[in-house]
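Residue-level listing of the chains:
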Amino acid sequence: MSASEYDFKIEQGSTFQIRFYYKDENGDPIDLTGYCARLTWKTNFGIEQSFFTENTDYSVYKFELDEANGGMVLTLPASTTNAFEFSYAKYDLELQSPDAIYSSDNFYTYRLLYGKATIVKRYSKTLENLECQNE
């Protein structure tokens, strides 16, 4: 199966969340139990950054699997997107199965998606949180 192309936009200074779903030819979700995923991009400044589902420090990003539904959810907090100085990044989304090809350290890896993430620049760039009164 060849990777599909998908472009998306990220609003600078806003919390960003994107969901990807991996389905079979009948449109049924593929169970991702035991899988891991990685989204890697390279910005127009030449900076490469990877987001892993094994990450446990959610201060910069959270990337998690919705295993039963074949889902992958990447969340970037507003503080992360606010710091983006680049205009766009070209990315690849990969999935690694828990099944080994021929030895315990060679797993099947699939490139699912590729494309361009464009940053929608904001007019103001405040670093302060909103001071909402939550009651």
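See the structure shown above.
Quick caveat: nothing in here was measured; it's all calculated off a predicted structure. (Residues numbered from 1 in each chain as written. Predicted model: local features only at pLDDT ≥ 70, side-chain atom pairs only at ≥ 80, totals over all residues. Heavy atoms only, no water.)

1. Re the side chain of Thr-53
Here Thr-53 shows up in the loop between β5 (48-52) and β6 (62-66). Given a relative accessible area of 16%, Thr-53 falls into the buried group. A polar contact is formed between the side chain of Thr-53 and the backbone nitrogen of Ala-37, at a distance of 3.0 Å. If sequence neighbours within four positions are ignored, Thr-53 has contacts with Cys-36, Ala-37, Phe-63, Glu-64 and Leu-65. (Helix = DSSP H or I, 4+ residues; strand = E, 2+ residues; numbered from the N terminus. Buried < 20%, exposed > 50% of the residue type's maximum accessible area, 1.4 Å probe, protein only. Polar contact = N/O pair within 3.5 Å; in protein donor to acceptor, adjacent residues only side chain to side chain. Contact = heavy atoms within 4.5 Å.)

2. Overview of the sheet that holds strand β3 (residues 16-21)
Strand pairing in a sheet is mediated by backbone hydrogen bonds. Such pairs are either parallel or antiparallel. On the basis of which strands lie adjacent, the open sheet formed by three strands has the order β3-β7-β6 and antiparallel pairing. Each edge of the open sheet is held by one strand with a lone partner, namely β3 and β6. Across the sheet, the mean angle from the axis of one strand to that of its neighbour is 15°, orientation sign disregarded. When β6 meets strand β7 (residues 71-76), the two strands line up antiparallel, connected through five bridges. Residue pairing in the sheet places Leu-65 in a bridge with Met-72 of β7. (Pairing = 2+ DSSP bridges. Axes fitted to C-alpha atoms, helices over the stretch in contact; angles between N-to-C directions.)

3. Quick look at the pairing of β3
The two faces of the sheet receive side chains in turn, since in a regular strand these alternate between them. The side-chain alternation of β3 yields one buried face, formed by Phe-16, Ile-18 and Phe-20, and one unburied face, formed by Gln-17, Arg-19 and Tyr-21. Bridging between β3 and β7 involves six bridges; their strand directions are antiparallel. Bridge pairing in β7 places Gln-17 opposite Thr-75.

4. So, the environment of Ala-117
Mapping Ala-117 onto the fold places it in strand β9 (residues 107-120). Placed 76 residues apart in sequence, Ala-117 and Trp-41 show a C-alpha to C-alpha distance of 8.5 Å.

5. Considering the packing of aromatic side chains
Here the structure, examined in full by the defined rule, presents nine aromatic pairs. Of the aromatic side chains, those joined through ring pairs into one cluster are Trp-41, Phe-51, Tyr-61, Phe-84 and Phe-86. Sitting above the plane of the Tyr-58 ring, Lys-62 keeps its charged end 4.9 Å from the centroid. The lysine or arginine in question, Lys-116, covers the ring of Tyr-88, its NZ or CZ lying 4.4 Å from the ring centre. (Phe/Tyr/Trp six-rings, centres within 6.5 Å; stacked < 30°, edge-to-face > 60°. Lys NZ or Arg CZ within 6 Å of the ring centre and 35° of its normal.)

6. Side note on the nonpolar core
Among the nonpolar cores identified, the biggest contains 27 residues, and Ile-10, Leu-39, Trp-41, Phe-63, Met-72 and Leu-76 are the most heavily contacted of them. Counting only elements with at least two residues in this core, the list comes to β2 (8-11), β3, β4 (36-43), β7, β8 (88-100) and β9. If near-sequence neighbours (up to four positions away) are discounted, Trp-41 is found in contact with Ile-10, Ile-47, Glu-48, Gln-49, Phe-51, Leu-76, Phe-84, Phe-86, Ala-89, Lys-90, Tyr-91 and Ala-117. (Core = buried A, V, L, I, M, F, W, Y, C linked by side-chain atoms within 4.5 Å.)

7. Digging into the environment of Gly-115
Within the secondary structure, Gly-115 sits in strand β9. Residue Gly-115 is classed as buried on the basis of its relative accessible area, which comes to 10%. Sequence separation between Gly-115 and Tyr-6 is 109 residues; the distance between their C-alpha atoms is 5.1 Å. Not counting the four nearest positions on each side in its chain, Gly-115 is found in contact with Glu-5, Tyr-6, Asp-7, Ala-89, Lys-90 and Tyr-91.

Read these as spatial facts, not as claims about activity.
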